[in-house]
Amino acid sequence: MNNSISCKCTTYIKKGNNLKLTFSNDTFSIYGDLNKGENIIIKYYGKLVESNKIILNYGYGNLWLDKTVIYLDLCTHSDEKCYCTSLELLHTETLYLCFMDNNNNWDLNGSSSYSITVEDSLNTLTKTVLDITVPEEEYISKFNFLFKKLKNKLLNFLLNIGSAFEKTLNKKNSDIY
């Protein structure tokens, strides 16, 4: 399978991003980082691909939190018919997926749905920094990039905590007066 995609899928990703294949089986592929908050591309080429419409059902965790149903877009390239869509990973729990066509035929991975592990981006960044084994100058460049990304996520996290604390403090002060 080719790691680059050149069809309608590319319109889902900001210009300049280089998509990498992170998961693939005989039914679908996922392009993009499997981290909470990231956008990924799902490209479906399973047993329902000859249908007129493909619908993706997905949710997070055993209870299928934030269950969503969306139509996939038809893409044709490299003599391969497929359907694709983009979605943002909202939780760090397991992402469960199943596919359906317009005739109510299901692709359920047998009977257990497909599942993908979604990571917390801070944990992934930490693992990446600790596991780098590259030449020193490349290491420094990657470390600086990862450090900036981690710093931004940490600052956003601290700002959110500070904002919540300030609201609580203001509420307590208003209750006193």
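Colleague: Which parts of the structure should I look at to understand the environment of methionine 100?
Modeller: Note on placement: methionine 100 falls in strand β8 (residues 95-101). Given the relative accessible area of 16%, methionine 100 is considered buried. Remark: the alpha-carbon pair of methionine 100 and lysine 53, spanning 47 residues in sequence, is separated by 8.4 Å. When sequence neighbours within four positions are dropped, the list of residues in contact with methionine 100 reads Leu48, Lys53, Ile54, Ile55, Asn57, Asn105 and Trp106.

Colleague: How do you make sense of the pairing of strand β2 (residues 28-31) when you look at a structure like this?
Modeller: Residues in a regular strand point their side chains to alternate faces of the sheet. Residues Phe28 and Ile30 line one face of β2 and the alternating positions Ser29 and Tyr31 line the opposite face, and both faces are buried. Pairing of β2 with strand β3 (residues 39-44), which is carried by four bridges, proceeds in the antiparallel orientation. Counted as the bridge partner of phenylalanine 28 is tyrosine 44 from β3.

Colleague: How should I be thinking about the pairing of β8 in this particular structure?
Modeller: For β8, a buried count of seven out of seven residues is recorded, marking the element as mostly surrounded by other parts of the structure. A two-sided burial pattern is seen for β8, the buried positions comprising Leu95, Leu97, Phe99 and Asp101 on one face and Tyr96, Cys98 and Met100 on the other. Where strand β4 (residues 54-60) and β8 come together, seven bridges link them in antiparallel fashion. Each bridged residue has a counterpart across the sheet, and for isoleucine 54 the counterpart in β8 is aspartate 101. Where β8 meets strand β10 (residues 114-116), three bridges bridge the pair, whose relative direction is antiparallel. The residue bridging leucine 95 from the neighbouring strand is isoleucine 116, located in β10. As paired strands, β8 and strand β9 (residues 106-107) are joined by two bridges and run antiparallel to one another. In the sheet register, methionine 100 faces β9, and the bridge partner there is tryptophan 106. Taking the residues that link successive antiparallel strands as the turn, the β8-β9 hairpin has four residues, and the phi of asparagine 104 there is positive, at about 65°.

Colleague: Explain the packing of aromatic side chains here, please?
Modeller: For any pair of aromatic rings, geometry is given as the distance between the ring centres together with the angle between the planes. Considering all chains together, one arrives at six aromatic pairs under this definition. Measuring from ring centre to ring centre gives 4.4 Å for tyrosine 44 and phenylalanine 99, while their planes differ by 35°; the resulting arrangement is tilted. Residue tyrosine 44 is located in strand β3, and its partner phenylalanine 99 is located in strand β8; the two are separated by 55 residues in the primary sequence. There is no split in this pair, since tyrosine 44 and phenylalanine 99 are both buried. Aromatic pair tryptophan 64 and tyrosine 96: ring centres 6.2 Å apart, planes at 25°, arrangement stacked. Taken together, the residues span a long stretch of sequence, with tryptophan 64 in the loop between β4 and β5 (65-71) and tyrosine 96 in strand β8 at a distance of 32 residues. Its relative accessible area of 21% is what places tryptophan 64 among the partly exposed residues. On the basis of relative accessibility, which here comes to 17%, the residue tyrosine 96 falls in the buried class.

Thresholds, definitions, all that
Residues numbered from 1 in each chain as written. Predicted model: local features only at pLDDT ≥ 70, side-chain atom pairs only at ≥ 80, totals over all residues. Heavy atoms only, no water. Helix = DSSP H or I, 4+ residues; strand = E, 2+ residues; numbered from the N terminus. Buried < 20%, exposed > 50% of the residue type's maximum accessible area, 1.4 Å probe, protein only. Contact = heavy atoms within 4.5 Å. Pairing = 2+ DSSP bridges. Phe/Tyr/Trp six-rings, centres within 6.5 Å; stacked < 30°, edge-to-face > 60°.

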